[in-house]
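# Summary of structural features
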Amino acid sequence: MDEALRAVADPTRRAILRLVRNDERAAGDIAEEFPSMSRPAVSQHLRVLTDAGLLEVRRDGNRRLYRSRPEGLRDAVAFIDEMWSDHLSRLKHAAEREEWPARTRARRRKP
């Protein structure tokens, strides 16, 4: 999980993941999306994402085709969901505590 979170902390890597989310793309096609970056720099980002388990690589002749591996983020998503759910639960209870006195007062005012 730590390696995946470190990998997605970089905005370029998140952009790469968005590019390959639904379609397999060649490394050269991915690099063309980042004209201000050298191809070796893009290759390094691809390597980090692959090592983190977020990309799958397939060779097609001399090309490397990359595709997203959503399961690579499974542990990170579970952790975030757990943290978010805990906060939502606390917020729900706090809201209910605030709402309860208001409902009671409103019922008492009705004839």
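Going by the structure above, here's the rest.
Residues numbered from 1 in each chain as written. Predicted model: local features only at pLDDT ≥ 70, side-chain atom pairs only at ≥ 80, totals over all residues. Heavy atoms only, no water.

Taken in spatial order, the 3 strands of this open sheet run S1-S3-S2, and their pairing is antiparallel. Looking at which strands have only one partner, the edges of the open sheet turn out to be strand S1 (25-26) and strand S2 (55-60). Where S2 meets strand S3 (residues 63-68), 6 bridges bridge the pair, whose relative direction is antiparallel. From the neighbouring strand, Asp60 faces S3, where its bridge partner is Arg63. Helix H4 (residues 39-51) rests against S2 and S3 of the sheet, and its axis sits at about 115° to S2. (Pairing = 2+ DSSP bridges. Helix = DSSP H or I, 4+ residues; strand = E, 2+ residues; numbered from the N terminus. Contact = heavy atoms within 4.5 Å. Axes fitted to C-alpha atoms, helices over the stretch in contact; angles between N-to-C directions.)

Quick look at the side chain of His45 now. Here His45 shows up in helix H4. On the basis of relative accessibility, which here comes to 12%, the residue His45 falls in the buried class. (Buried < 20%, exposed > 50% of the residue type's maximum accessible area, 1.4 Å probe, protein only.)

Attention now moves to the nonpolar core. Soluble globular proteins tend to pack their nonpolar side chains together in the buried interior. Counting residues in hydrophobic clusters, the biggest one holds 16 residues, and the most contacted among them are Ile16, Ile30, Leu46, Leu49, Leu54 and Leu55. Elements represented by at least two residues in this core include exactly helix H1 (2-8), helix H2 (11-19), helix H3 (27-32) and H4. Among residues more than four places away in sequence, those in contact with Ile16 are Ile30, Phe34, His45, Leu46, Leu49 and Leu55. (Core = buried A, V, L, I, M, F, W, Y, C linked by side-chain atoms within 4.5 Å.)

A few words on the pattern of salt bridges. Inspection of every chain in the model, using the stated rule, returns 4 salt bridges. Between Glu24 and Arg58 there is a salt bridge; the shortest N-O distance is 2.7 Å. Of this pair, Glu24 sits in the loop between H2 and S1 while Arg58 sits in strand S2, and the two are 34 residues apart along the sequence. In this structure Arg58 comes out as partly exposed when scored by relative accessible area, which is 38%. A salt bridge links Asp60 to Arg63; the nearest nitrogen and oxygen atoms lie 3.4 Å apart. With relative accessibility at 36%, the residue Asp60 sits in the partly exposed group. (Salt bridge = Lys/Arg side-chain N within 4 Å of Asp/Glu carboxyl O.)

A few words on H4. Across its 13 residues, H4 extends 18 Å between first and last C-alpha, which sits within 8% of the 18 Å expected from 1.5 Å per residue. Those residues of H4 that fall on the buried side of the exposure criterion are Val42, His45, Leu46 and Leu49. Viewed along the axis of H4, the buried residues span an arc of 100°, placing them on a single side of the element. Facing away from the buried surface of H4 by more than 90 degrees, the exposed residues are Pro40 and Asp51. Each element contacted by the buried residues of H4 is listed here: H1, H2, H3, S2 and S3. (Expected span 1.5 Å × (residues − 1). Arc of directions from axis to C-beta.)

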